[in-house]
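Remarks on the overall topology
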Amino acid sequence: MSVRLSARLTALAEMVTRGNRLADVGCDHGYLPIWLCLEDRIPSAIAMDVKPGPLSRAEGHITEFDLTDRIETRLSDGLENLGEDEADTILIAGMGGMLMRRILTDRAIPESVTELVLQPQSDVAEVRRCVREIGFHIVDEDMVYEDGKYYPMMRCTRGLSPEYSELEDEFGPVLLAKKHPVLRQYLGYQLTLTEGILSKLDAQSQRYTEIEHKLLSINLAVSELHIDSPRRQAACCAV
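Here is a short report on the structure shown in this document. None of these values were measured; they are calculated from a predicted model.

A word on the overall build of the protein. Assigned secondary structure in the protein consists of 10 helices and seven strands. The buried share of the protein, reckoned over its 239 residues, is 49%. Put simply, of all contacts in the protein between residues at least 6 apart along the chain, 68% involve residues at least 24 apart. A total of about 11,800 Å² of accessible surface is found on the protein, and carbon and sulfur atoms cover 50% of it. Counting 26 positive and 39 negative side-chain charges, the protein places the centres of these two groups 4 Å from one another.

Assignment of secondary structure puts Asn 20 in the loop between helix H1 (7–15) and strand S1 (22–25). Of the residues examined, Asn 20 reaches a relative accessible area of 14% and is grouped as buried. Within polar-contact distance, the side chain of Asn 20 engages the side chain of Thr 89 at 2.8 Å. Asn 20 has contacts with Ile 42, Pro 43, Ser 44, Asp 88, Thr 89, Thr 114 and Glu 115, leaving out every residue within four places of it along the chain.

Let us look at helix H4 (residues 97–106). Along H4, the residues classified as buried are Gly 97, Met 100, Arg 101, Ile 103 and Leu 104. Angular distribution of buried residues about the axis of H4 spans 160 degrees; they occupy a single face of the element. Next to the buried residues of H4 lie S1, strand S4 (89–95), strand S5 (115–120) and helix H5 (124–133).

Summed over the entire model, instances satisfying the criterion amount to three aromatic pairs. On the basis of an interplanar angle of 45 degrees and a centroid distance of 4.6 Å, the ring pair of Tyr 145 and Tyr 150 is categorised as tilted. Residue Tyr 145 is classed as partly exposed on the basis of its relative accessible area, which comes to 41%. Measuring from centroid to centroid gives 5.1 Å for Tyr 150 and Tyr 186, while their planes differ by 65 degrees, and the two rings are edge-to-face. With Tyr 150 in strand S7 (residues 149–158) and Tyr 186 in helix H8 (residues 181–199), this pair connects stretches of sequence that are 36 residues apart.

As a further point, take the environment of Arg 158. Structurally, Arg 158 is set in strand S7. According to the relative accessible area criterion, Arg 158 is partly exposed, its value standing at 31%. Separated by 44 residues in the primary sequence, Arg 158 and Thr 114 have C-alpha atoms spaced 5.7 Å apart. Discounting residues that sit within four places of it in the chain, Arg 158 has contacts with Ile 109, Pro 110, Glu 111, Val 113, Thr 114, Gly 135, Phe 136 and His 137. There is a polar contact of 2.9 Å between the side chain of Arg 158 and the backbone oxygen of Pro 110. In this structure the side chain of Arg 158 is engaged in a polar contact, spanning 2.7 Å, whose partner is the backbone oxygen of Val 113.

Before going further, it helps to examine the sheet that holds strand S2 (residues 45–49). If you trace the seven strands from one edge of the open sheet to the other, you get S3-S2-S1-S4-S5-S7-S6, paired in mixed fashion. Each edge of the sheet is formed by a strand with only one pairing partner; in this case those strands are strand S3 (71–75) and strand S6 (136–146). Strand-to-strand, the axes of this sheet are offset by a mean angle of 15 degrees, without reference to chain direction. Relative to the sheet, helix H2 (residues 31–38) contacts S1, S2, S3 and S4, its axis offset from that of S1 by approximately 160 degrees. In the packing of H5 onto the sheet, the strands contacted are S5, S6 and S7, and the crossing angle to S7 comes to about 5 degrees.

Now for the side chain of Arg 128. Mapped onto the fold, Arg 128 is located in helix H5. For Arg 128, a relative accessible area of 3% corresponds to the buried category. Once residues lying within four places of it in the same chain are set aside, the contact partners of Arg 128 are Ile 138, Glu 141, Pro 152, Met 154, Glu 168, Asp 169, Glu 170, Phe 171, Gly 172, Pro 173 and Leu 175.

The rules behind each value
- Residues numbered from 1 in each chain as written.
- Predicted model: local features only at pLDDT ≥ 70, side-chain atom pairs only at ≥ 80, totals over all residues.
- Heavy atoms only, no water.
- Helix = DSSP H or I, 4+ residues; strand = E, 2+ residues; numbered from the N terminus.
- Buried < 20%, exposed > 50% of the residue type's maximum accessible area, 1.4 Å probe, protein only.
- Contact = heavy atoms within 4.5 Å.
- Areas by Shrake-Rupley, 256 points an atom, 1.4 Å probe, with all protein chains shown as cover.
- Lys, Arg positive; Asp, Glu negative; His and termini not counted.
- Charge placed at Lys NZ, Arg CZ, Asp CG, Glu CD.
- Polar contact = N/O pair within 3.5 Å; in protein donor to acceptor, adjacent residues only side chain to side chain.
- Arc of directions from axis to C-beta.
- Phe/Tyr/Trp six-rings, centres within 6.5 Å; stacked < 30°, edge-to-face > 60°.
- Pairing = 2+ DSSP bridges.
- Axes fitted to C-alpha atoms, helices over the stretch in contact; angles between N-to-C directions.

Here it is as structure tokens:
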């Protein structure tokens, strides 16, 4: 038997260092640690979730693939029930950035953990800042477009982090450095969308000021990646 992962989960799995023990926080169906074990990428995993329902589903799948000797399930609010020497990699994916920040800061990360693999669904800049605060730094990033959504993700290891700019926190220092093709696609989409929103707002409103600031950040990132919005392309062609 084999497990077919989505593009998002495949990209996350590829970020986990081979040979590391995994703690999958918010494991949902448990397919990611199952795939990693079946591929012999990792020796063992702890599949953790705050809700009994998802944990029960994960248990069923783990049993189905005969991996109960390698993957343990554990009811836990974040890292609450993760011991001091049980994992080398913590993976947290598919949840809001502020919840992820709470999980990462509620209690000290176990000393055995040398790697974080994170995929926040929102407030990504806040998660990047949080990584620095807890003594980790971003060493790799990826971004996947799947089912109409963009999914940025990062791999972090222990150590002193550079001070990133607001632009790097917002869009990813590694993604920007790589000129990642999905980031280029995302920025082009966001530029057109934000320009459209701004054109419909009252220039004297607080909302206009907020969106204008967002547009400035997008334009800075766009200028680094040399992306033109359809509106700018049309303007250039008209000259």
